[in-house]
Amino acid sequence: MKHLIDIKDLSVEEIDELIKVAKDIMSNPEKYQEKCKYKKLATLFFEPSTRTRLSFEAAMMELGGNVIGFSSSNASSTAKGESVSDTIRTVGCYSDIIAMRHPKEGAPLVASEKSTVPIINAGDGGHNHPTQTLTDLLTIYSEKNRLDNLTIGLCGDLKFGRTVHSLITAMSRYKNIKFVLISPDELKIPDYVKEEILEKNNIEYIETNDIEEHMSKLDILYMTRVQRERFFNEEDYLRLKDYYILNNAKLKNAKKDLCIMHPLPRVNEISVEVDDDERACYFRQVLYGKFIRMALILKLLNIK
Ligand code: NCD
């Protein structure tokens, strides 16, 4: 039985295969309509979500399966003091596969140790978010036609942004990837990502707090929200929340085929005027998320 806790649980070849299946689903959705008939996905969300939970649920429904779950810990026995392990053992009696999001780093890993069904990490605290990364990889592949030879700017909250940590981990396995890490000093990428991923794999990267400085070199600009829920004090959040606001003026030196991504939700970090720029990929990215999750569910349930 396979779980997806960290993006490295999938090899590059397995990711290629997931992208291939997702593309096939996009072109031939009718072929997949009954693949998960009589199967159930449980979505256990101990933290807020719109896209991740609903895209998992839509994905399972489009595969002909059913969905159960909860969207807040208050609505589950967690509020009575039940442990994650006990919740998972219980839900495994009712479902074939579980997608879970939890505010504590490592909670999905702990859950997977006790689970009788595959567990998918749908975000654990400020740590990882592998299915957002699969979404991002399908987006990059679809928009740029490659996953190698790319200069990727990551901008915003690189400290707490779990999507950033997983994306760097995944992209570091492809050839000739360079990163421009754009953040305020207080929200720089954590040392463990630098040491264990970037430096260990000899990946070229630059750290800066100026969003425009390297704009002309970027193939991808991945914007992120300042992660309010991870701050210890509100004053720091208020001071940093509008540090970057991407607008048309800031894009004046950008490449014509830049791909602007954002895992969403957006707060203020991309001005709505950018939405009309054809380089804004973030709403297409949302749709790719459903198809890659369909491919992932099929893989983890061993359905051909
Ligand atoms: C991201 C997350 O939950 O980490 N959202 C998502 O899953 N699309 C990004 C965020 O919340 O800022």
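Every value quoted in this text rests on a predicted model; they were computed, and no experiment measured them.

A. Layout of unusual backbone geometry. Residues leucine 264 and proline 265 are joined by a peptide bond in cis, for which omega reads 5°. Mapping proline 265 onto the fold places it in the loop between strand 9 (259-261) and helix 9 (282-300). Of note, asparagine 149 is a non-glycine position whose phi angle comes to about 50°, a positive value. Structurally, asparagine 149 can be placed in the loop between helix 5 (130-144) and strand 5 (150-155). Judged by its relative accessible area of 40%, asparagine 149 falls in the partly exposed class. Even without being a glycine, asparagine 302 presents a positive backbone phi close to 60°. Along the chain, the position of asparagine 302 falls in the segment after helix 9.

B. How the structure looks around the pairing of strand 8 (residues 220-223). Of the two faces of strand 8, the one carrying Ile220 and Tyr222 and the one carrying Leu221 and Met223 are both buried. Across four bridges, the pairing between strand 5 and strand 8 is parallel. Its bridge partner lying in strand 8, isoleucine 152 is registered against isoleucine 220. As defined by bridge partners, strand 8 adjoins strand 9 across three bridges and the pair is classed as parallel. Counterpart to leucine 221 in the pairing with strand 9 is isoleucine 260.

C. View of the packing of helix 2 (residues 51-62) against helix 9. The contact between helix 2 and helix 9 brings their axes to 8 Å, and the two run at 55°. With respect to each other, helix 2 and helix 9 are oriented oblique. The way helix 2 lies across helix 9 gives a crossing that is right-handed. On helix 9, the residues that touch Arg51, Thr52, Ser55, Phe56, Ala58, Ala59, Met60 and Glu62 of helix 2 are Val286, Gly289, Lys290, Arg293, Met294 and Ile297. In the contact of helix 2 with helix 9, the residues fall into seven nonpolar, three polar and four charged.

D. Broad picture of the domain arrangement of the protein. Along its sequence, the protein is organised into domain 1 (7-129 + 289-300) and domain 2 (131-286). For domain 1 and domain 2, the distance between their C-alpha centres works out to 25 Å. Counting residues at the interface gives 33 residues for domain 1, matched by 28 residues for domain 2. Between domain 1 and domain 2 the total buried area reaches about 2400 Å² when both faces are included, carbon and sulfur atoms providing 60% of it. Three residues, Ile7, Arg51 and His129, lead the burial of domain 1 against domain 2; their summed loss comes to 28% of the area buried on that side. For the pair domain 1 and domain 2, the interface holds two salt bridges. Of the charged contacts in the structure, one is a salt bridge between glutamate 47 and arginine 162, with a shortest N-O distance of 3.1 Å. Run the count over domain 1 and domain 2 and you get 16 residue pairs in polar contact (both at pLDDT 80 or more). Among the secondary structure elements, those contributing two or more residues to the side of domain 1 that touches domain 2 are helix 1 (12-27), helix 2, strand 3 (97-102), strand 4 (119-124) and helix 9. When residues of the side of domain 1 that touches domain 2 are assigned to their parent elements, the largest contribution, seven residues, is made by helix 1.

Cut-offs used in this document
- Numbers given for residues are sequential positions, taken from 1 along each chain in its written order.
- Per-residue local features of the predicted model are confined to residues with pLDDT of at least 70, and side-chain atom pairs are confined, for both listing and counting, to 80 or more; whole-chain, interface and lining totals are unaffected and use all residues.
- Just so you know, side-chain values use all the structure's heavy atoms and leave hydrogens and water out.
- The way it works is that DSSP assigns letters per residue, a run of H or I at least four long becomes a helix, a run of E at least two long becomes a strand, and they are numbered from the N terminus.
- Relative accessibility thresholds used throughout: buried, under 20% of the residue-type maximum; exposed, over 50%; partly exposed, between the two (1.4 Å probe, protein chains only).
- When DSSP locates at least two bridges between a pair of strands, those strands are taken to pair.
- Every axis corresponds to a line fitted to the C-alpha atoms, with the helix fit spanning only the stretch in contact, and the corresponding angles, defined between N-to-C directions, vary from 0 to 180 degrees.
- Convention used here: angles under 35 degrees read as roughly parallel, angles over 145 as roughly antiparallel, angles from 65 to 115 as roughly perpendicular, and any remaining angle as oblique.
- Note on convention: the crossing is left-handed when the near helix lies turned anticlockwise from the far helix by less than a right angle, right-handed when the turn is clockwise.
- When checking whether two residues touch, look at their non-hydrogen atoms; a contact exists if any pair is within 4.5 Å.
- Gly falls in the polar group here, along with every residue not listed as nonpolar (Ala, Val, Leu, Ile, Met, Phe, Trp, Tyr, Cys, Pro) or charged (Asp, Glu, Lys, Arg).
- Residue ranges labeled as domains rest on an automatic or database domain assignment.
- A 1.4 Å probe defines the accessible area here, and the buried area is the portion of it lost by two parts on being joined, summed over both.
- Should a side-chain nitrogen of Lys or Arg be within 4 Å of a carboxyl oxygen of Asp or Glu, the pair is scored as a salt bridge.
- Two N or O atoms form a polar contact when they lie within 3.5 Å of each other; inside protein one atom must be a possible hydrogen donor and the other a possible acceptor, and for residues adjacent in sequence the pair counts only when both atoms belong to side chains.

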